[in-house]
Amino acid sequence: MTRSCPHRRPIVGRLAPMGLALLLAAGCSRVGPRASAPHPGDPPAATELPIRLVDVRESAGIDYRWEIAGKRPLTILQTIGNGVGLLDYDGDGHLDLLCVGARVALYRGDGTGQFADVSRAAGVAALRGHFLGCATGDFDNDGDPDLYLSAYRGGALLRNDGGRFTDITRRAGIAPQPWGSACSFADIDGDGRLDLYVGNYVVFGPNVKPQLCDFHGLLSSCGPRYYQPERGVLYLNLGDGRFRDVTRAWGADRVSGKALGVAIADFDGSGRQSIAIANDEVPGDLLLNLGKRFRNIGVASNTAYDAEGNPHAGMGIDWGDFDLDGDLDLVVTTFVHEGKSVYRQEEPRFFTDVAAQLGLNEHTLPYVAFGVRWADFDNDRWPDLLIANGHVQDNVAQIDPAQSYRQPTQLFRNREGSGFDYLTPAHGEPLTRAIVGRGVATGDLDNDGRIDAVVVDSEGSPLVLMNRSPRVGRWLSLRLVGRRSNRDGIGARVIVTAGGRPQALRCATDGSYFSASDVRIHCGLGEATTATVTIHWPSGARTELRDVPADRFVVVREGEAGY
């Protein structure tokens, strides 16, 4: 999160409604029409607008609000922001919403877009700490998703005991982190149990100087270059409710530090989970998993720097196959006047930053970008981009009137891999609404086959963006059930072929910024009525399903031929 300073170039500031039980019994279910009728209260659809997102927060019953305490101007700690999580905590087949902050809140979804506050009943209302982000994953393989909450000078590992969370941080051996940021569950050692990676940001506290920096007579938050880096930690799951710190033993300490984004994937088809890390104004890291040790190939893979060869303010991050060539590409969001990076995987373990050629920089350069997700909002097979923006200096308009603290949310429609169309201006509300954007999570909130999203406003309430796109393509949603692999199949590499083009996807909940998304794998199919699905499980097993019908929620169990 770069800010302007006197010693730098003049950049200012810087599941289905029938329920999960039916899905497990039947294997698949069709939910929702291809062309959907308008919902009551929706604004008129804009002519020719291919994607339509509607903020339903108020009508959905979500009353959460983030507030920044303390005097102003704000420090780097106060403006770091928060994340959100989408998970099915009670196993009813409907996504629930977790809001992370000084107050942790859980809202139970009913699958129709309505939510009820169950924070007290779920055991999260009493949590105390400076919580920032979240990771979701079933680390004990008992069938329900557990949580890790990252925090400044803290952190909490919460075991899900049938719909109520128990804090087992201390007994699990998870140490308080100095400034925990992005976090992720993944099976790093391939033993069928989810391990935990927690990124850390910078050394900061009430006695660290400077607290604020002088910008031509105005005090505002300082950039990360003024502070020493903190580095992330890797915990292996021992299988008995305890974790062991193997950061140094695995070479995971050989990183730049100042981490804000983490996304873990088998990006090279090796069968092992590697860790991509977006770092703030220092080189990015790509920890290649060699089996019991990592090698940092950030520089060698060409993902450590931007297209000009400079470090950038890496914040949000996500893996996705934007060009449908069957391998994963990487997006990293950055600061104002810095190009956002889309690293296209040209060959295994080597990437090229093609954001400028795709037409993204023209529209993203004016903004400070955080949360980011690849998601096919119109189900045409081509993953689109959603980016949350918001400055890190609350008084930046006094420093530079051309800049603003609150900024719009950006939606880019993928033009069949050749470029992106910027939809926000034509779309209007709620995307044009100025917010202090931070975390983004995506998932199908109402199980209608269209991907929805939740966006954090650090000085307001979340945007709950329900997808009301009037005409969408066909789709497929996969729910993996591991046997030898971890229960949710997190880390699986999935290839969906429809209409003659293969798309690489991953089973994961991480990525974006401090947030966790739906564990189900959603894939738009365009006009294709069937698809071939190949699943490379973390255990090394392989499942191939042919002629899978479109417009289905499908449950795939490891080791079984059908679905």
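Just so it is clear, the structure is predicted and the values come from calculations on it, not from any experiment. (Residues numbered from 1 in each chain as written. Predicted model: local features only at pLDDT ≥ 70, side-chain atom pairs only at ≥ 80, totals over all residues. Heavy atoms only, no water.)

1. A look at the overall build of the protein
And then number 1: When helices and strands are tallied, the protein shows seven helices and 38 strands.
And then number 2: Taken over the C-alpha atoms alone, the protein extends approximately 65 × 55 × 50 Å along its principal axes.
And then number 3: For the protein, the residues scored as buried account for 65% of the 563 residues in total.
And then number 4: Taken as two groups, the 59 positive and 70 negative side-chain charges of the protein have centres that lie 4 Å from each other. (Helix = DSSP H or I, 4+ residues; strand = E, 2+ residues; numbered from the N terminus. Buried < 20%, exposed > 50% of the residue type's maximum accessible area, 1.4 Å probe, protein only. Lys, Arg positive; Asp, Glu negative; His and termini not counted. Charge placed at Lys NZ, Arg CZ, Asp CG, Glu CD.)

2. Overview of the environment of Pro408
And then number 1: Along the polypeptide, Pro408 turns up in the loop between helix H6 (396–399) and strand E27 (410–414).
And then number 2: Owing to a relative accessible area of 15%, Pro408 belongs among the buried residues under this scheme.
And then number 3: The spatial distance from the C-alpha of Pro408 to the C-alpha of Pro430 is 8.6 Å, given a sequence separation of 22 residues.
And then number 4: Leaving out residues up to four positions away in the same chain, Pro408 has contacts with Tyr367, Asn389, Leu431, Thr432, Arg433 and Ala434. (Contact = heavy atoms within 4.5 Å.)

3. Considering the nonpolar core
And then number 1: Ranked by size, the top nonpolar core spans 41 residues in total, and within it Trp179, Ile188 and Ile275 carry the most contacts.
And then number 2: For this core, the secondary structure elements donating two or more residues are strand E11 (177–186), strand E13 (212–215), strand E15 (233–237), strand E17 (259–265) and strand E18 (274–279).
And then number 3: Tallying contributions element by element places E17 first for this core, with four residues.
And then number 4: In this view, Ile275 contacts Ile188, Tyr197, Val262, Ala263, Ile264, Asp285, Leu286, Leu287 and Phe294; residues no more than four positions away in its chain are not counted.
And then number 5: Ranked by size, the runner-up nonpolar core spans 40 residues in total, among them Ala135, Phe139, Ala498 and Trp537. (Core = buried A, V, L, I, M, F, W, Y, C linked by side-chain atoms within 4.5 Å.)

4. What about the pattern of salt bridges?
And then number 1: Applying the stated rule across the entire model yields 30 salt bridges.
And then number 2: Residues Asp394 and Arg72 are paired through a salt bridge, measuring 3.7 Å at the closest nitrogen-oxygen approach. Here Arg72 lies in the loop between helix H2 (57–60) and strand E3 (84–87) and Asp394 lies in the loop between strand E26 (384–389) and H6, a separation of 322 residues in the sequence.
And then number 3: Of the residues examined, Asp394 reaches a relative accessible area of 18% and is grouped as buried.
And then number 4: Across the pair Asp90 and Arg108 runs a salt bridge, and its minimum N-O distance is 2.5 Å. Of this pair, Asp90 sits in the loop between E3 and strand E4 (96–99) while Arg108 is found in strand E5 (residues 105–109), placing the two residues 18 residues apart along the sequence. (Salt bridge = Lys/Arg side-chain N within 4 Å of Asp/Glu carboxyl O.)

5. What to know about the state of the cysteines
And then number 1: Scanning all chains against the criterion turns up one disulfide.
And then number 2: A disulfide-free cysteine, Cys134 has its sulfur positioned 6.5 Å from the sulfur of Cys183, the nearest such atom.
And then number 3: In this structure Cys134 comes out as buried when scored by relative accessible area, which is 1%. (Disulfide = S-S within 2.5 Å.)

6. Focus: the domain arrangement of the protein
And then number 1: According to the domain assignment, the protein contains domain 1 (66–475) and domain 2 (476–557).
And then number 2: On a C-alpha basis, the centroid separation for the pair domain 1 and domain 2 is 21 Å.
And then number 3: Here domain 1 meets domain 2 over a buried area of about 4200 Å², counting both sides, of which 51% is carbon and sulfur.
And then number 4: Across the contact surface, domain 1 and domain 2 share three salt bridges.
And then number 5: One salt bridge in this structure joins Asp266 and Arg493, with 3.6 Å as the shortest N-O distance.
And then number 6: Mapped by element, the contributors of at least two residues to the side of domain 1 that touches domain 2 are E3, strand E7 (130–137), E11, E17, strand E21 (317–320), strand E25 (369–375), strand E29 (437–443) and strand E32 (474–481).
And then number 7: Partitioned by chemical class, the residues of the side of domain 1 that touches domain 2 number 29 nonpolar, 27 polar and 16 charged. (Domains from an automatic or database assignment. Buried area = accessible area lost by both parts, 1.4 Å probe. Nonpolar A, V, L, I, M, F, W, Y, C, P; charged D, E, K, R; others polar.)

7. Re empty space enclosed by the protein
And then number 1: In this structure, the largest cavity spans a volume of roughly 390 Å³.
And then number 2: Lining the largest cavity we find 25 residues, and of these Arg373, Trp374, Leu505, Arg506 and His522 sit closest to its centre.
And then number 3: Contributions of two or more residues to the lining of the largest cavity are made by E21, E25, E29, strand E34 (501–506) and strand E35 (521–526).
And then number 4: For the lining of the largest cavity, a count of residues per class yields eleven nonpolar, six polar and eight charged.
And then number 5: Considered as a void within the structure, the second largest cavity measures approximately 70 Å³ in volume.
And then number 6: For the second largest cavity, the lining is made up of 13 residues, of which Ile277, Gly284, Asp285, Thr303 and Val332 are closest to its centre. (1 Å grid on protein atoms, 1.4 Å probe; cavity = no way out; pocket = protein on both sides within 12 Å on 5 of 7 lines; lining within 4 Å. Points joined across faces, edges and corners; volume = space filled by probe spheres on them.)

8. Considerations on the pairing of strand E37 (residues 542–549)
And then number 1: Sheet topology note: the strand E36 (residues 530–536)/E37 ladder contains six bridges and is antiparallel. Bridged to Ala531 within E37 is Val548.
And then number 2: A loop of five residues connects E36 with E37, the two strands running antiparallel in sequence, and Gly540 in this loop sits at a positive phi of about 105°. (Pairing = 2+ DSSP bridges.)

9. Some points on the packing of aromatic side chains
And then number 1: Overall, the coordinates contain 19 aromatic pairs when judged by the stated rule.
And then number 2: On the basis of an interplanar angle of 80° and a centroid distance of 5.6 Å, the ring pair of Tyr152 and Trp179 is categorised as edge-to-face. Taken together, the residues span a long stretch of sequence, with Tyr152 in strand E8 (residues 146–154) and Trp179 in strand E11 at a distance of 27 residues.
And then number 3: For Trp179, a relative accessible area of 0% gives the class buried.
And then number 4: Ring geometry for Phe370 against Tyr513: centres 4.9 Å apart, planes inclined by 75°, an arrangement best described as edge-to-face. Placement of the pair is Phe370 in strand E25 and Tyr513 in the loop between E34 and E35, with a sequence separation of 143 residues. (Phe/Tyr/Trp six-rings, centres within 6.5 Å; stacked < 30°, edge-to-face > 60°.)

10. Considering the pairing of strand E23 (residues 341–347)
And then number 1: Sheet topology places strand E22 (residues 329–332) next to E23; three bridges connect them, and they run antiparallel. Bridge pairing in E23 places Val331 opposite Val342.
And then number 2: By the bridge criterion, four bridges tie E23 to strand E24 (residues 350–353) in an arrangement that is antiparallel. The residue of E24 that forms the bridge with Arg344 is Thr352.
And then number 3: Here E23 hands over to E24 after two residues, with Arg349 in that stretch at a positive phi of 75°.

11. Concerning the side chain of Asn289
And then number 1: Tracing the backbone shows Asn289 in strand E19 (residues 285–289).
And then number 2: Polar contacts involving the side chain of Asn289 include one to the main-chain carbonyl oxygen of Gln273, which spans 2.9 Å. (Polar contact = N/O pair within 3.5 Å; in protein donor to acceptor, adjacent residues only side chain to side chain.)

12. A few points about the sheet that holds E26
And then number 1: An order of E25-E26-E27-E28 is seen for the four strands of this open sheet, with the pairing classed as antiparallel. Of all strands in the sheet, those bounded by a partner on one side alone are E25 and strand E28 (420–422). Ignoring strand direction, the axes of neighbouring strands in this sheet form an average angle of 20°. (Axes fitted to C-alpha atoms, helices over the stretch in contact; angles between N-to-C directions.)

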